[in-house]
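# Structure at a glance
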Amino acid sequence: MHLNDNLEQQAQALFKAWFVDFEPFRDGEFVNSVLGSTPKELPITYIENIPHNIESGKRPKGGATLIGVPSIGAENIKGLGYYDYSKTKYIPEEYAQTIKKGKINGYELLIYKDGGKPGYFIPNFTIFGEGFPFNEMYINEHVFLLDLMDCGYNVFAYFYMQTPYIMNQLNSIGGKAAIPGINTKDVECLPIYSNESPYVKKFGEIVLPFIKTILSNSLENAKQAKVRDTLLPKLMSGELKINEIETEK
């Protein structure tokens, strides 16, 4: 996981340099914008004004099942490379084939949508893909899937959504609801740097391979953990000997 942390820290450092400290734009013109004083070369738009898809999923009446297709809930929207397999819930395969929304294809931005204590809402985000945590999976009704129709732009949005302005906006809006949370309009009304900017596009091109590596590593770590969890009890009980594992290899 150290490599994953290192890659994400590198991506965060680049994002901060370009889109928080504005290092490439220091000698250029700045304008007053909804995000404060920002470079004129970084045009700002709103999510509702750019090509996008936002949706949430659902579970059947009666809730989740013990087997079937994984149904991802808000409890597993906790950052890149994170997934707690012990909390996996499922929807029946037949049901999954009937729902038209909420399927994770990979590299969409997943947003913690609602839940928690009244007056308290802290949004969380993640991106899944490369078979991590599953090849086929859906979100439930407590998660938003936001696709900006460009994997690189989705990756940019993952880091952008965690900037203080956006976090404060979502925290403020979400905390006011009786059941803490945000709706589709709350997300669509957010400002964002346009993908027309060469720097936004370049960030996506540079960082997308980082995310791919993080997801691939996370999948491999999950596979190794599964093998360990299967073998360790057998070794401890004496049911299996070390030389038997080596023979099987």
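The sections below set out a description of the structure shown in this document. Remember, predicted model here, so these are calculated numbers, not experimental data. (Residues numbered from 1 in each chain as written. Predicted model: local features only at pLDDT ≥ 70, side-chain atom pairs only at ≥ 80, totals over all residues. Heavy atoms only, no water.)

### Re the pattern of salt bridges
Just so we agree on the cut-off: By convention in these notes, a salt bridge is any Lys or Arg side-chain nitrogen within 4 Å of a carboxyl oxygen on Asp or Glu. Think of it this way: any DSSP run of H or I at least four residues long counts as a helix, any run of E at least two long counts as a strand, and we number them from the N terminus. A simple rule labels every residue: compare its accessible area, found with a 1.4 Å probe on the protein chains alone, to the largest value its type can have, and call it buried under 20%, exposed over 50%, or partly exposed in between.
This model, assessed by the stated rule, comprises five salt bridges. Measuring nitrogen to oxygen at the nearest pair gives 3.7 Å for the salt bridge that ties Lys-40 to Glu-29. Placement of the pair is Lys-40 in the loop between strand E2 (36–39) and strand E3 (44–46) and Glu-29 in the loop between helix H1 (2–19) and strand E1 (30–33), with a sequence separation of eleven residues. Here Lys-40 and Glu-29 have matching classes, each one exposed. The partner of Lys-185 in a salt bridge is Glu-48, with the nearest N and O atoms 3.1 Å apart. One end of the pair, Lys-185, is in helix H5 (residues 184–188); the other, Glu-48, is in the loop between E3 and strand E4 (53–56), and 137 residues separate them in sequence. Of the residues examined, Lys-185 reaches a relative accessible area of 46% and is grouped as partly exposed.

### Here's the deal with the nonpolar core
Definition in use: The set of buried Ala, Val, Leu, Ile, Met, Phe, Trp, Tyr and Cys residues whose side-chain atoms join them within 4.5 Å is what this entry labels a nonpolar core. Working rule for contacts: check all heavy atoms of both residues, and any pair within 4.5 Å makes them a contact.
Formed by 59 residues in total, the largest nonpolar core has its most connected members in Phe-156, Phe-159 and Ile-211. Of all the secondary structure elements, the ones that give two or more residues to this core are H1, strand E7 (109–112), strand E10 (143–147), helix H3 (151–160), helix H4 (164–176), strand E11 (191–193) and helix H6 (198–237). Aside from chain neighbours lying at most four places away, what touches Phe-159 is Glu-8, Ala-11, Gln-12, Phe-15, Leu-80, Phe-203, Val-207 and Ile-211. One finds Val-69, Ile-91, Tyr-95 and Ile-99 within the second-largest nonpolar core, a separate group that totals six residues.

### Describing the environment of Gly-129
Considering the arrangement of structural elements, one finds Gly-129 in the loop between strand E8 (125–126) and strand E9 (138–139). C-alpha separation for the pair Gly-129 and Lys-212, spaced 83 residues apart in sequence, amounts to 7.7 Å. Among all residues touching Gly-129, those that are not within four sequence positions of it are Gly-106 and Leu-215.

### As for H1
What counts here: The span one expects for a helix is its residue count, reduced by one, times 1.5 Å.
The first and last C-alpha atoms of H1 sit 25 Å apart over 18 residues, in line with the 26 Å expected at 1.5 Å per residue. Of the positions making up H1, those classed as buried are Asn-4, Leu-7, Glu-8, Ala-11, Leu-14, Phe-15, Ala-17, Trp-18 and Phe-19.

### Notes on the environment of Glu-205
Position of Glu-205 relative to the elements: it lies in helix H6. Using a relative accessible area of 54% as the deciding quantity, one classes Glu-205 as exposed. Counting along the chain gives 49 residues from Glu-205 to Phe-156, while the straight-line C-alpha distance between them is 9.6 Å.

### Comments concerning the sheet that holds E4
Quick reminder of the rule: Should DSSP find at least two bridges between two strands, the strands are taken to pair.
The strand order across the open sheet built from four strands is E4-E10-E7-E8, with neighbouring strands paired in antiparallel fashion. Two strands in the sheet have a free side with no partner beyond their single neighbour: E4 and E8. Both E7 and E8 contribute to a ladder of two bridges, which runs antiparallel. The partner of Leu-110 across the bridge, within E8, is Thr-126.

### Digging into unusual backbone geometry
Look at the link from Phe-132 to Pro-133: it is a cis peptide, with omega at 0 degrees. Secondary-structure assignment places Pro-133 in the loop between E8 and E9. A positive phi angle, close to 75 degrees, is found at Tyr-107, a residue other than glycine. Inspection of the secondary structure puts Tyr-107 in the loop between helix H2 (93–98) and E7. Residue class for Tyr-107 comes out buried when judged on its relative accessible area of 11%.

### Quick word on the layout of surface pockets
Here is the rule: We place a 1 Å grid over just the protein atoms. Points where a 1.4 Å probe fits but has no way out form a cavity, open points with protein on both sides within 12 Å along at least 5 of 7 lines form a pocket, and any residue with an atom within 4 Å of a point lines it. Grid points are joined across faces, edges and corners, and a volume is the space filled by probe spheres set on the points. Any residue outside Ala, Val, Leu, Ile, Met, Phe, Trp, Tyr, Cys, Pro, Asp, Glu, Lys and Arg is labelled polar, Gly included; the first ten of those are nonpolar and the last four are charged.
Of the voids in this model, the second largest pocket is the one considered here, and its volume is about 160 Å³. Only H1 and H4 provide two or more residues apiece to the lining of the second largest pocket. A breakdown of the residues in the lining of the second largest pocket according to their chemical character gives nine nonpolar, two polar and no charged.

Fair warning: the whole summary comes from geometry, so function is off the table for now.
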